[in-house]
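Fold and geometry: a report
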Amino acid sequence: LKAEDKELMDNILEYVEHHYAEKLTLSDVAARFFVSESTISLTFRKKMGVSFYHWVTQRRLIAAKVLIEGGALLEDVAQSVGFSEYSSFFRAFKREFGISPKQYRNLL
C-alpha cells in the first residue's frame, strides 16, 4: 500500500474503533475522510481482505463477546455494539462464530 493509503486506513480503523456502536455507513465514513466510497472499499479489500462492512461487523461482534462475558443482557448487547435489531445481531453472531449469543453465554 502507498503511504497515503496506509495513513487513510489507520485513520479509518481508529475512527471505527471509537464509533462502531453508532450507525456507520460507508458513505458517511467516505465523506468524513474526503475520499470516495470505492477508495475505502478497495483499500479495505487490499489491506484487510474483507469488505468495510464485514470488518465493522467483526469489530462489533468482538465487542459483543466482551459484553456477554461481562454478563450484559443479550438484547442490550446488540444495541450497545451498534446493531439496530437483535435479529441482525443474532444472525451475524451465529454466522461469525457458529453458535448463537445465548449458546456462547452458556459456554462461559
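Summarised in this report is the structure supplied together with it. (Residues numbered from 1 in each chain as written. Predicted model: local features only at pLDDT ≥ 70, side-chain atom pairs only at ≥ 80, totals over all residues. Heavy atoms only, no water.)

A word on the packing of helix α1 (residues 3-19) against helix α4 (residues 52-69)
Across the interface, α1 lies against α4 with an axial gap of 10 Å and an inter-helix angle of 40 degrees. The orientation of α1 relative to α4 falls into the category oblique. In the crossing of α1 with α4, the sense of the turn from one axis to the other is right-handed. Packed against α1, whose contacting residues are Ile12, Leu13, Val16 and Glu17, the element α4 presents Phe52, Trp55, Val56 and Arg59 at the interface. (Axes fitted to C-alpha atoms, helices over the stretch in contact; angles between N-to-C directions. Helix = DSSP H or I, 4+ residues; strand = E, 2+ residues; numbered from the N terminus. Parallel < 35°, antiparallel > 145°, perpendicular 65-115°, else oblique. Left-handed = near helix turned anticlockwise from the far one by under 90°. Contact = heavy atoms within 4.5 Å.)

Thoughts on the pattern of salt bridges
Per the counting criterion, the structure on display carries 2 salt bridges. Lysine 6 is paired through a salt bridge with aspartate 10; the nearest N and O atoms lie 3.1 Å apart. Highlighted residues: lysine 6 and aspartate 10, both in helix α1, separated by 4 residues, approximately one helical turn. Taking relative accessible area as the criterion, lysine 6 reaches 44% and is therefore assigned partly exposed. When its relative accessible area of 34% is taken as the criterion, aspartate 10 is described as partly exposed. Across the pair glutamate 17 and arginine 59 runs a salt bridge whose closest N-O atoms are separated by 2.7 Å. Within this pair, whereas glutamate 17 is found in helix α1, its partner arginine 59 is found in helix α4, the two being separated by 42 residues in sequence. Among the residues examined, glutamate 17 registers a relative accessible area of 35% and is labelled partly exposed. Judged by relative accessible area, arginine 59 falls into the buried class, the value being 14%. (Salt bridge = Lys/Arg side-chain N within 4 Å of Asp/Glu carboxyl O. Buried < 20%, exposed > 50% of the residue type's maximum accessible area, 1.4 Å probe, protein only.)

Details of the nonpolar core
By size, the foremost hydrophobic cluster in this structure holds 31 residues, and its most contacted members are Ile12, Val16, Val29, Ile40, Phe44, Phe52 and Phe89. With 7 residues, α4 is the largest single contributor of residues to this core. Excluding its chain neighbours within four sequence positions, the residues that come into contact with phenylalanine 44 are Met9, Ile12, Leu13, Gly49, Val50, Ser51, Phe52 and Trp55. (Core = buried A, V, L, I, M, F, W, Y, C linked by side-chain atoms within 4.5 Å.)

Things to note about unusual backbone geometry
The phi dihedral of phenylalanine 34 falls on the positive side, at around 60 degrees, and the residue is not glycine. Looking at where phenylalanine 34 falls in the secondary structure, it is placed in the loop between α2 (26-32) and α3 (37-48). Note on phenylalanine 34: relative accessible area 77%, which makes it exposed.

Quick notes on α3
Counted at 1.5 Å a residue, the expected span for α3 with its 12 residues is 16 Å, and the 16 Å between its end C-alpha atoms agrees. Tucked into the core, α3 has its buried residues touching α1, α2 and α4. (Expected span 1.5 Å × (residues − 1).)

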